[in-house]
Amino acid sequence: MALGTFITFEGIDGSGKSSQARLLAEHLQVTGHDAMLTREPGGSEGAEEIRRLLVEGDPDRWSAETEILLFTAARRDHLEKTIEPALAAGKIVVSDRFADSTRVYQGAARAALRDVVDQLHDRMIGVEPDLTFIIDMDPTKALSRGLARQSGEDRFEDLGLGFQEKLRTGFLALAQDFPNRCHVIDGARDISVIAAQIAKITSDHLK
Ligand code: ADP
Ligand code: TYD
């Protein structure tokens with residue numbers, strides 16, 4: 001049984017998830033919680049190696065089916081090596097993306113493979129977050145933020161605006177599927193205003 005709390009951030013590329021995940025982890029740490037920040041794809045040594053296969057290179061490099069397998073392999077390693085030990089030690093784990101990204105990117109936007117994603121998740125992962133923040137915003141704005149970074153990890157951003165629109169719709173539908181844990185957050189506001197809202201929801205959850 002997990003003793004800690006598992007919190008995830010989801011949303012389209014450039015929505016501000018990574019910034020908000022980092023700010024929440026820092027806020028929890030300075031307010032006396034044993035919190036750690038991690039990310040997907042990645043978050044363990046093996047999963048970071050798989051990440052490079054996924055985020056670099058040609059947009060058509062992998063089929064959606066192969067992507068599901070690679071993301072799930074990375075997630076399983078992340079779960080075994082990082083998330084589960086931390087939760088067992090009673091920590092708060094804040095993850096920049098988790099299984100909802102596979103549900104939306106591979107299950108809905110890139111292909112209609114949600115059944116496959118769900119089956120593989122049940123067999124290989126079987127864990128859901130306690131709390132999920134879906135950072136919602138206009139894809140045009142988010143894309144200009146994301147590409148401005150020029151990180152060399154733009155394989156998914158390179159799929160274009162239509163793809164990001166589908167992702168946004170997919171994340172909003174997901175929030176309705178999992179209303180108990182999902183909070184949709186308006187990401188088009190000042191970074192500190194968003195962080196304060198997220199900190200409030202988290203502290204209410206931890207009470
Ligand atoms: P994501 O992880 O969703 O791709 P990031 O947190 O990396 O998003 O943010 C993408 C870019 O947008 C970064 O340059 C970041 O500094 C900037 N940014 C994040 N949140 C905001 C915000 N609320 N307003 C303006 N710029 C933001
Ligand atoms: P990330 O580093 O979070 O990118 P960004 O900061 O630009 O949002 O994730 C890398 C890419 O991998 C991102 O475009 C989303 C995609 N992704 C999936 O397609 N499926 C998944 O299961 C995960 C975790 C990420």
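Preceding this paragraph is the structure being described.
Residues numbered from 1 in each chain as written. Chains lettered and ligands numbered in written order. Predicted model: local features only at pLDDT ≥ 70, side-chain atom pairs only at ≥ 80, totals over all residues. Heavy atoms only, no water.

### Section: helix α8 (residues 191-206)
Part 1 of the reasoning: Given a rise of 1.5 Å per residue, 16 residues ought to cover 22 Å, and the 23 Å separating the end C-alpha atoms of α8 matches this to within 8%.
Part 2 of the reasoning: Within α8, burial applies to I194, A195, I198, A199, I201 and T202. Viewed end-on, α8 has its buried residues packed into an arc of 165°, placing them on one side of the element.
Part 3 of the reasoning: Lining the buried residues of α8 we find β1 (5-11), α1 (17-30), β4 (131-136) and β5 (182-186). (Helix = DSSP H or I, 4+ residues; strand = E, 2+ residues; numbered from the N terminus. Expected span 1.5 Å × (residues − 1). Buried < 20%, exposed > 50% of the residue type's maximum accessible area, 1.4 Å probe, protein only. Arc of directions from axis to C-beta. Contact = heavy atoms within 4.5 Å.)

### What about the sheet that holds strand β2 (residues 35-39)?
Part 1 of the reasoning: Taken in spatial order, the five strands of this open sheet run β2-β3-β1-β4-β5, and their pairing is parallel. Unpaired on one side and paired on the other, β2 and β5 mark the two borders of the sheet. Adjacent strand axes in the sheet meet at a mean angle of 20° when their direction is disregarded.
Part 2 of the reasoning: In this structure, β1 lies alongside strand β3 (residues 92-96), joined through five bridges in parallel fashion. Bridged to T5 within β3 is I92.
Part 3 of the reasoning: In this fold α1 packs onto β1, β2, β3 and β4, with an angle of close to 165° to the strand it touches most, β3. (Pairing = 2+ DSSP bridges. Axes fitted to C-alpha atoms, helices over the stretch in contact; angles between N-to-C directions.)

### Description of the site of ligand 2
Part 1 of the reasoning: Close to ligand 2 lie 16 residues, the nearest being D13, K17, R51, R97 and T102.
Part 2 of the reasoning: R97 places a side-chain nitrogen or oxygen 2.7 Å from an oxygen atom of ligand 2.
Part 3 of the reasoning: Within the side chain of T102, a nitrogen or oxygen atom sits 2.5 Å from an oxygen atom of ligand 2.
Part 4 of the reasoning: Contact with the protein chains removes 95% of the 550 Å² of surface that ligand 2 exposes when unbound.
Part 5 of the reasoning: Contributions of two or more residues to the shell around ligand 2 are made by α2 (45-55), α3 (64-88) and α4 (99-109). (Near = heavy atom within 4 Å. Polar contact = N/O pair within 3.5 Å; in protein donor to acceptor, adjacent residues only side chain to side chain. Areas by Shrake-Rupley, 256 points an atom, 1.4 Å probe, with all protein chains shown as cover.)

### Regarding the packing of α1 against α8
Part 1 of the reasoning: It is at 10 Å that the axes of α1 and α8 come closest, and there the two elements cross at 55°. In terms of axis orientation, α1 runs oblique to α8. The two elements α1 and α8 meet at a crossing, and its hand is right-handed. Packed against α1, whose contacting residues are S19, Q20, L23, L24, H27 and L28, the element α8 presents I191, I194, A195, I198, A199, T202 and L206 at the interface.
Part 2 of the reasoning: Looking at the contact of α1 with α8 residue by residue, the class counts come to nine nonpolar, four polar and no charged. (Parallel < 35°, antiparallel > 145°, perpendicular 65-115°, else oblique. Left-handed = near helix turned anticlockwise from the far one by under 90°. Nonpolar A, V, L, I, M, F, W, Y, C, P; charged D, E, K, R; others polar.)

### Details of the pattern of salt bridges
Part 1 of the reasoning: Applying the stated rule across the entire model yields 19 salt bridges.
Part 2 of the reasoning: For D118, the salt bridge identified is with R114, shortest N-O distance 3.1 Å. Here R114 and D118 lie together in helix α5 (residues 114-124), a separation of four residues that amounts to about one turn.
Part 3 of the reasoning: Residue class for D118 comes out partly exposed when judged on its relative accessible area of 23%.
Part 4 of the reasoning: Residue classification places R114 among the partly exposed positions, given a relative accessible area of 25%.
Part 5 of the reasoning: Residue E128 is joined to R181 by a salt bridge in which the shortest nitrogen-to-oxygen separation is 3.4 Å. (Salt bridge = Lys/Arg side-chain N within 4 Å of Asp/Glu carboxyl O.)

What is shown is where atoms sit, not what they do.
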